[in-house]
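Working through the structure, step by step
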Amino acid sequence: QQQVKQSPQSLIVQKGGISIINCAYENTAFDYFPWYQQFPGKGPALLIAIRPDVSEKKEGRFTISFNKSAKQFSLHIMDSQPGDSATYFCAASNRGSTLGRLYFGRGTQLTVWP
Amino acid sequence: EAGVTQFPSHSVIEKGQTVTLRCDPISGHDNLYWYRRVMGKEIKFLLHFVKESKQDESGMPNNRFLAERTGGTYSTLKVQPAELEDSGVYFCASSRGTVYEQFFGPGTRLTVL
């Protein structure tokens, strides 16, 4: 059973546009929600993360929106750039009981056209 | 500071053969995780070491997979004998502690023919 569901599978955005990737989870015990960015030939790298006690976190052009009641969270990339083209994974973890184990979504392949 | 390294980057073997993957975590990171991504699916947890001890191996698919971390430094993941469904990208990650960021290696792409 997949613990974290991610959509869309692929996304094409024009340069300067907004990229939005959505994730949903079932386990209310999750208390840490990171997003990872992966470029070809590289491993996933932490991009931004949020805890459920806040509804939004912004770092530069990247924002996580978190809706605890709906058990959903999303990544918004403002002013998308060709360099943002990568695969994005949402993830969730219950750091207390699962010792840091991450549950990932299936990934979104983002392509930003110049 | 060197990142997490994995060897080999690619491995192509035939069904029934044995393959050993290696992961070198960031120096000083006691926590080491193995994950796997089968094409088009999510990255799935395999197991977690704290130093040389297995803390959680609930994600290991079956007894054809054996992970070790002797001395609490590098780790190996052996698949014996390999099956077609074992194909995928195997990632290793390390962290200072369970509440800290996990740093991922570049992965080993395993293809079983």
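Check the entry above for the structure.
Attention in this report is confined to the structure presented alongside it. (Residues numbered from 1 in each chain as written. Chains lettered and ligands numbered in written order. Predicted model: local features only at pLDDT ≥ 70, side-chain atom pairs only at ≥ 80, totals over all residues. Heavy atoms only, no water.)

1. Here's the deal with unusual backbone geometry
Formally: Note on conventions: DSSP H or I runs of at least 4 residues are helices, E runs of at least 2 residues are strands, and numbering of each starts at the N terminus. Whether a residue is buried, partly exposed or exposed follows from its accessible area with a 1.4 Å probe, protein chains only, as a fraction of its type maximum: under 20%, in between, or over 50%, in that order.
Look at the link from B:Phe7 to B:Pro8: it is a cis peptide, with omega at -5 degrees. Checked against the element boundaries, B:Pro8 lands in the loop between strand E1 (5-7) and strand E2 (10-13). Along the chain, B:Gln80 connects to B:Pro81 via a cis peptide bond; the corresponding omega equals -10 degrees. As for its position among the elements, B:Pro81 is in the loop between strand E8 (75-79) and strand E9 (88-95). Although it is not a glycine, A:Lys71 adopts a positive phi angle of roughly 55 degrees. By the element assignment, A:Lys71 lies in the loop between strand E7 (62-67) and strand E8 (72-77). Overall, the relative accessible area of 22% leaves A:Lys71 in the partly exposed class. If you check the backbone angles, A:Asp79 has positive phi at about 45 degrees while not being a glycine. Summarising the element assignment, A:Asp79 is placed in the loop between E8 and strand E9 (86-92). For A:Asp79, a relative accessible area of 40% gives the class partly exposed.

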